[in-house]
Amino acid sequence: MNSMSLLLICLIIAFCPGPLHGTSDGSVGLLSRIDFAPALLEMISRELERTTGRHFSLIFQPVEASGSVTFNDSTPLMLIEKGIPETMLPEGFEKTGLTINLVWVLAAGRDVTQVLGSQTLTLEKFAALLAELRQNDPQRFPWFEPLLSKNTMRNFCLLYGEKAPKTSTKRHRTAMFHQQPHAAAMLYRAIEAELLNPLSVEADLGLAMEVFAAGDADFVSYWIPQSYLANAALRPAYLAGVSFTPFPISGNRTMLPRMTLNLWKSKEQKIDAIISATDPDQQDAAIVELDFLSETAWINSSYTANYDALIVGDL
Amino acid sequence: MRNIYISLRFKVIVLLFILIASLALIINESSTVLIHEKTREIFQQRLDLLRESIKSYWESEKNLLLNNAMLYAESEKLTNYSSYGLYNLLQKEVERLIAKTGFHDLKITLNNGMTVSSNQSLITRGQPLDMRDTRQNLSLVEVQNHEDGLYLAAEVPLHKLGEFIGRLTLRRKLDDSRMKRTARNLQAETAVAVKETITASSLAESYRQELAKEHLLNSIRKEDVFNIRFGNATWSVGRVNIAKTADGEQVTIYLAISQEKMLSLVEDARMRNLSVTGWVLVIALIISVVFSEKVLLSRIRQLRDGANIIAGGDLGFQITSVHGDELGNLARSFNRMAASLKLNRDHLQHYVEHIEKLANYIQNILGSLKTCVITWNIAGHIETANQAALHEFSDLFPTLEGLSLKQFLSKLPKSSRKEIIKGWRTVREPGNRQFEIEINPGSHAGRKVLQGGFSLLLDNERNPYGLILTLSNITQRKIIEQQLYHADKLSSIGQLAASVAHEIKNPLASIKTLGQLLQEETQPEDSRREYIDVIVGEVNRLNMVVEQLLKYAKPEDSSFREIAFAEIIKPVMSLVHHESERHRVVLQADYLPDLKVFVDSEKLKQVFLNLIFNGIQAMNNGGQISIRAHKQSESPWVTIEVQDSGAGMSAETVARVFEPFFTTRQRGTGLGLAIVKKIIDLHGGKIEVSSEPGKGTRFTIYLPQKQEG
């Protein structure tokens, strides 16, 4: 899904009456490198409403891979991904102090959530669970990922390592997916083991969320507001029964990539009753603050190699 | 039988209207029949065309279904979802794809036996497909007859990167709504039947039942086209065996067209024709009116007006607008007739003028004659009378023409009648017998004396045609002759009296002188004085008589002039006023104010003085004297009457009343009336007297009027 499609979807969401909003108090530009799916945009909108007490329509302004930004400065408020240089921002804007944290987590379907219960998901458990699910239903793949999304690939590489020379050994050729030395190998093995849906390599964030929502996958990576982790009541109704957990990584650890959106306003704009929301830290997960500049740099330099490795299996 | 006037215009219009109306109605009826037949033919063709169309439609439906199925089979999402086990998503996708397409369902059956259908919420798992069956890779379209209805199903293989992964089935239900859609497209009611059942139809339920019965019957008859009654309407139905189901059952499609629509179309066409015919008739009527007006009536009216103009006498009229047709020929004939009439009239007028001139000339001759000319026709009636005759007999007859001899003679005196009859009888005798007749025109005019005779009136063949009576008025001549006779007589008496008067005048003067001397010498108280006074008085009276006698005899100069009668009679009335009152006599004058007389006024005053005094002296006990003067229009006389209511005179007295010295009074001179007679004679007039004892006396004076020139 390209950025223009996303923009269109956002506009449709913004201007169509529905459960997303009642009467709009204005619009807020959203400036980020993430190719947000409609469901995620809705979550951000809800979070913004929760923190400001006002309902805004979101106008998504994607940042191109080259890093260039086309601002729509007609919106007096803008949610801007942390790390975007201020030189790229329009003049006459200032931070409001309000932030929304988005974390990249592993979403588990309702059936799996019941199986998991409250136990902590380790990488081995995750692998075993996938294998068990596959075995139980050989017609479907338990895991689905939007691997066409560069940021998703970047996040996997961030969690499981990126392809580098000599990272794979002969041992790895027979090892299971979770035992692979880097993300591309891991994902390739998962596909090969029919645990990860092969369509993942062609799927974007939107398709992945659709597959998960349709119940055709038990696991999928998910961007959610960090507040959802601690307070399930904040989640939208369609996520009821879905559990979110930090991605398990080796060493029985979990990792939580986090991206922060800062609310900026034009200096002429006055906003009252800004609630300074503070998300509780996830004690058992290592938070990885995603940085716009470094992420963009990686995508520009390393994404292709890692994705190619995933496709051709050049491990 | 009475002729009813019907204008030519009306006849022409009616004729044209009937002709055009008949033509229009014939064309209308013909066209209606033609339309009816053509419509029926078109209808039959349409039904045949529909039967062909439904086959094409069926094929296109199959192709459409197959093409759609193939398009769906090429959907990347469907193949991806199918290949990668995303069955829930696949379910949603097939539901999304099929939504609002009109297809009944979209079903995907995968190799592994998984079946996803748009109308089944559950994903079913069945037996894996038999990959050895080479038909799995074939596409087909078939009719499926299920309990819930008839379906047209297209089944195509589903491939992912060239690998067969399953089969996709797209179905369209042949239900009522589909039949209605087909009916809309084909413009004909449709129904589909399998075996003995109508499975779907666009027809209403009652009609469907009727069709089902017919379907059952027709399964025996095998008619492809037949009629059927739906309600009150007749429908034409075409039958097409379109296909067979997968089970080998015959699928039949019925196409039904209401003939009502056809009949309605025919009726509409008929009404349109009638409307057009109506308009044609209206236009024809207008054209008829215009045609009759412009082409026929205006030109006939021109002829009529021309005839009226000629009848009015203008024979020079010519019709200018002459066209090259029958009316044009008529107009030319009319012009020739008018020209001929004009020529003939000119000739006739010339003759008439000539005759009129001649007649006028003769009439003028007759009219100018002073002699009366009266013609009798052979039947004895007056045919013509000239102006002189009319004038002379105007007092007796208002007109002479047409009078019989008897009527003419009836108002003439007896002596005159005898003379005329004698003349009548002797008309054929040789020599022209002349006779005199006397007529009395009336009380205010003198008698007329006419002299003349009869002549034979001959025609062109010299045969007697009638009689001509010519009479000349010789009254004046007779009067003159009488006056001459009296003048001669009076002249002798006068001359004798004058000589006597001269002889006695001198002695009387002596006697008077001596008598006056005696009076002077005698005292008044002298007894002789009385005798002397008598002598002187009588001498004076004798002198007066002598003076009158001399006056009577003396030839006096006369001064004639035209004067109003009033200027004569008024001084006379004033003069005698006292005398009349003394004798208790009432004077009364009656005359027209503008009445004029040509007289010697002083002498005429003397006439009236003498007559009035004579009247007063005739009435010892009072009375009335009337003076009336008048003039009749055609009479040459002015008539003046002086009438008293005195004692009257005997016939003998009347005969001698104008003689000098004749008097009935003791102290009269006997010259008063003689002088009156003389003065009237001097004027060329005449005086008549009529009197009877005890009834008064009337003097009538006729004075001639002034002769012009």
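It should be emphasised that the depicted structure is a prediction, and the values quoted were computed from it without experimental measurement.

Here is what the cut-offs are and how they apply
- Residues numbered from 1 in each chain as written.
- Chains lettered and ligands numbered in written order.
- Predicted model: local features only at pLDDT ≥ 70, side-chain atom pairs only at ≥ 80, totals over all residues.
- Heavy atoms only, no water.
- Domains from an automatic or database assignment.
- Contact = heavy atoms within 4.5 Å.
- Buried area = accessible area lost by both parts, 1.4 Å probe.
- Salt bridge = Lys/Arg side-chain N within 4 Å of Asp/Glu carboxyl O.
- Polar contact = N/O pair within 3.5 Å; in protein donor to acceptor, adjacent residues only side chain to side chain.
- Nonpolar A, V, L, I, M, F, W, Y, C, P; charged D, E, K, R; others polar.
- Pairing = 2+ DSSP bridges.
- Helix = DSSP H or I, 4+ residues; strand = E, 2+ residues; numbered from the N terminus.
- Axes fitted to C-alpha atoms, helices over the stretch in contact; angles between N-to-C directions.
- Core = buried A, V, L, I, M, F, W, Y, C linked by side-chain atoms within 4.5 Å.
- Buried < 20%, exposed > 50% of the residue type's maximum accessible area, 1.4 Å probe, protein only.
- Left-handed = near helix turned anticlockwise from the far one by under 90°.

**Student:** Is there a simple way to think about the domain arrangement of chain A in this case?
**Tutor:** A common measure of how large an interface is: the accessible area buried when the components associate. All names here are of chain A. Split into domains, chain A comes out as domain 1 (3-101 + 258-277) and domain 2 (104-257 + 294-312). If you look at the interface, domain 1 gives 16 residues, while domain 2 gives 23 residues. For the pair domain 1 and domain 2, the summed buried surface comes to about 1800 Å²; carbon and sulfur atoms form 58% of the total. Contact with domain 2 buries area across many residues of domain 1, yet Arg 33, Met 43 and Arg 258 alone supply 35% of it, more than any other trio. The tally of links between domain 1 and domain 2 comes to zero salt bridges. Applying the counting criterion to the domain 1 and domain 2 interface returns five residue pairs in polar contact (both at pLDDT 80 or more). For the side of domain 1 that touches domain 2, the per-class residue count stands at eight nonpolar, one polar and seven charged.

**Student:** What is the right way to look at the sheet that holds strand β21 (residues 637-644) of chain B in this model?
**Tutor:** Backbone-to-backbone hydrogen bonds pair the strands of a sheet. The strands run either parallel or antiparallel. All names here are of chain B. Ordered by their spatial adjacency, five strands build an open sheet running β18-β20-β21-β23-β22, and the pairing between neighbours is mixed. Every interior strand has two partners, whereas the edge strands, β18 (585-591) and β22 (686-691), have only one. Recorded for the sheet is a direction-independent mean angle of 10 degrees between the axes of neighbouring strands. As paired elements, strand β20 (residues 623-631) and β21 share seven bridges and run antiparallel to each other. Note on β21: the bridge partner recorded for Ala 629 is Ile 640. Packed on one face of the sheet, helix α13 (residues 565-575) meets β18, β20 and β21 and runs near 175 degrees to β18. Sheet contacts for helix α17 (residues 672-682): β22 and β23 (697-704); angle to β22, the most-contacted strand, approximately 140 degrees.

**Student:** Hey, could you run me through the domain arrangement of chain B in this one?
**Tutor:** Each assigned domain of chain B is listed with its residue range as follows: domain 1 (62-173), domain 2 (369-473) and domain 3 (557-709). For domain 1 of chain B versus domain 2 of chain B, the distance between C-alpha centres works out to 151 Å.

**Student:** Could you clarify how one ought to interpret the nonpolar core in this entry?
**Tutor:** Generally speaking, nonpolar side chains in soluble globular proteins are found buried as a group. Of all hydrophobic cores here, the largest spans 140 residues; its most connected members are Trp143(A), Phe219(A), Tyr222(A) and Leu168(B). Ranked by the residues each element gives to this core, the list is headed by helix α1 (residues 8-73) of chain B, at 11 residues. Residues Leu549(B), Leu595(B), Val654(B) and Val689(B) belong to the second largest nonpolar core, which totals 48 residues.

**Student:** Sorry if this is basic, but what is going on with the packing of helix α15 (residues 601-617) of chain B against α17(B) here?
**Tutor:** All names here are of chain B. Across the interface, α15 lies against α17 with an axial gap of 9 Å and an inter-helix angle of 145 degrees. When you trace α15 past α17, the crossing you get is left-handed. Taken together, the residues of α17 that come into contact with α15 (itself represented by Lys 603, Leu 604, Gln 606, Val 607, Asn 610, Leu 611 and Asn 614) are Gly 672, Leu 673, Ile 675, Val 676, Ile 679, Ile 680 and Leu 682. Split into classes, the residues belonging to the contact of α15 with α17 amount to nine nonpolar, four polar and one charged.

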